[in-house]
Amino acid sequence: MKPIIITQQLSKIYPGGMQAVQDVSLAIRPGEIFGLFGPNGAGKSTIVRMLTTLLAPTSGTAVVQGHDVVQEPLAARGAIGLVTADERSFYGRLSAAQNLAFYAAMQNAPRRHIEERVTAVLDLFSLAHKRDAPAQSLSTGQKQRLNMARALVHDPPILFLDEPTKSMDVQTSDLVKALIKDKLVGEQGKTVVFISHELYEMDNFCDRVAILADGRIRAIGTPAELGAMLPRRALYRLVAAGGDVGTAARMTAVPGVESVVEVSRGASAAAFDVALADEGVWLEVMAAVAAGNGRVETYRRVDDESLRRIVAHFSGKY
Ligand SMILES: Nc1ncnc2c1ncn2[C@@H]1O[C@H](COP(=O)(O)OP(=O)(O)O)[C@@H](O)[C@H]1O
Ligand SMILES: [Mg+2]
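This is a predicted model, so every value here is computed, not measured.

Trainee: Sorry if this is basic, but what is going on with the sheet that holds strand E9 (residues 208-213) here?
Mentor: Hydrogen bonding along the main chain pairs the strands of a sheet, whether they run parallel or antiparallel. Pairing is mixed across the open sheet formed by six strands, whose spatial order is E6-E7-E8-E3-E9-E10. Among the strands making up the open sheet, the edge pair consists of strand E6 (80-84) and strand E10 (216-221). Averaged over all pairs of adjacent strands, the angle between their axes in this sheet comes to 15 degrees, without regard to strand direction. In terms of strand pairing, strand E3 (residues 33-37) meets strand E8 (residues 191-196) through five bridges, oriented parallel. By the bridge assignment for E8, Phe37 is matched with Ser196. Lying over the sheet, helix H1 (residues 44-51) contacts E3, E6, strand E7 (158-162), E8 and E9, oriented at roughly 150 degrees with respect to E7. Strands in contact with helix H5 (residues 140-152) are E6 and E7; relative to E6, the strand with the most contacts, it is inclined by about 160 degrees.

This is how it looks when you write it as structure tokens:
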């Protein structure tokens, strides 16, 4: 199937010289939930702003549903909905339905369909009972759902979600993601681009994920494929009492220890993240702590899907 979003060598240099995005080439398929994943400042929002016609690329091209975002911005805009975390303000005294109708009209939705679309998105986001309530009277969770409803009121085939779940409570976030997967993608065949800097948000949600660091794509694959590319290793959180400042260096020097990061240091104890390529070296690690007059108080295995590790692996940096 022909991709619905295509970028070729898309780049952005902000005035002042900051290269936020460099040579990003993507082909996103219709009906796909595509994740853009990377640390703060990686260039995720800049890519989304270019794809949604809010920002002009410095070079390269971007086409959404056959419309070049620079040549045909109006047609491109009709094909997309955008949700950001900083929820744009509503007209507080207008009702939920009036806000949606106003926005639909701004997006050139056909007049005769507006009423019907407003009802459909209010239903979809469980806001039918708030139809005539002033927007300012809605709860935070309801406003977040109204924000989603607004992005979809003109029935665009493509939805961009720029960290929409950042300010949501877990319940709202789960509800919204289930709706997106089941209704918008599953039933209506829409395409979704989902941005996050949390990998757990992408698992079980995105079909494919692009890992972005310093404005460049470092890897693209299914969450499982990307996970399988990461070298296997075990990460432990170790707390040592009374060790000297050379403790981390001595542990690092033990063969089989991949890396040691001091995560905190108090008056009497320090905590370290110890990554082991070989789990059979614990005695040597403890000896390295003891050599600085320290004593291992606790150590336990911790989850190692940290953003730092993933980005480090795929970008060869940090
Ligand atoms: N309007 C701007 N002017 C100059 N630099 C900017 C502007 N917006 C973003 N940047 C810079 O571009 C880089 C990418 O930012 P952004 O796309 O917002 O990243 P992300 O969404 O991944 O956190 C950052 O270094 C950021 O400081
Ligand atoms: Mg951003």
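Trainee: Before we go on, may I ask you to explain the site of ligand 1 in this structure?
Mentor: Lining the immediate environment of ligand 1, one finds Tyr14, Met18, Ala20, Pro39, Asn40, Gly41, Ala42, Gly43, Lys44, Ser45, Thr46 and Arg49. One of the backbone nitrogen or oxygen atoms of Gly43 is found 3.0 Å away from an oxygen atom of ligand 1. Here Thr46 contributes a side-chain N or O atom positioned 2.5 Å from an oxygen atom of ligand 1. Within the complex, the protein chains bury 63% of what would otherwise be the 560 Å² of accessible surface of ligand 1. Examining the composition of the shell around ligand 1, we find that four residues originate from one element, H1, more than from any other. Each residue belonging to the shell around ligand 1 can be placed in one class, and the counts come to five nonpolar, five polar and two charged.

Trainee: Would you mind going over helix H6 (residues 170-187) with me for this structure?
Mentor: Since the α-helix advances by 3.6 residues per turn, residues separated by three or four positions end up pointing in the same direction. Over its 18 residues, H6 runs 24 Å from end to end, which matches the ideal 26 Å to within 8%, given 1.5 Å per residue. Roughly 30 degrees is the biggest bend found in H6, and it falls at Ile180. Turning to H6, its buried residues are Thr172, Ser173, Val176, Lys177, Leu179, Ile180, Leu184 and Val185. Its buried side turned inward, H6 meets E3, helix H4 (111-124), H5, E7 and E8. Just past H6, the residue Gly189 takes up positive phi, approximately 70 degrees.

So, how was this worked out
- Residues numbered from 1 in each chain as written.
- Chains lettered and ligands numbered in written order.
- Predicted model: local features only at pLDDT ≥ 70, side-chain atom pairs only at ≥ 80, totals over all residues.
- Heavy atoms only, no water.
- Pairing = 2+ DSSP bridges.
- Helix = DSSP H or I, 4+ residues; strand = E, 2+ residues; numbered from the N terminus.
- Axes fitted to C-alpha atoms, helices over the stretch in contact; angles between N-to-C directions.
- Contact = heavy atoms within 4.5 Å.
- Near = heavy atom within 4 Å.
- Polar contact = N/O pair within 3.5 Å; in protein donor to acceptor, adjacent residues only side chain to side chain.
- Areas by Shrake-Rupley, 256 points an atom, 1.4 Å probe, with all protein chains shown as cover.
- Nonpolar A, V, L, I, M, F, W, Y, C, P; charged D, E, K, R; others polar.
- Expected span 1.5 Å × (residues − 1).
- Bend = angle between axes of the 7 residues up to and from the residue.
- Buried < 20%, exposed > 50% of the residue type's maximum accessible area, 1.4 Å probe, protein only.

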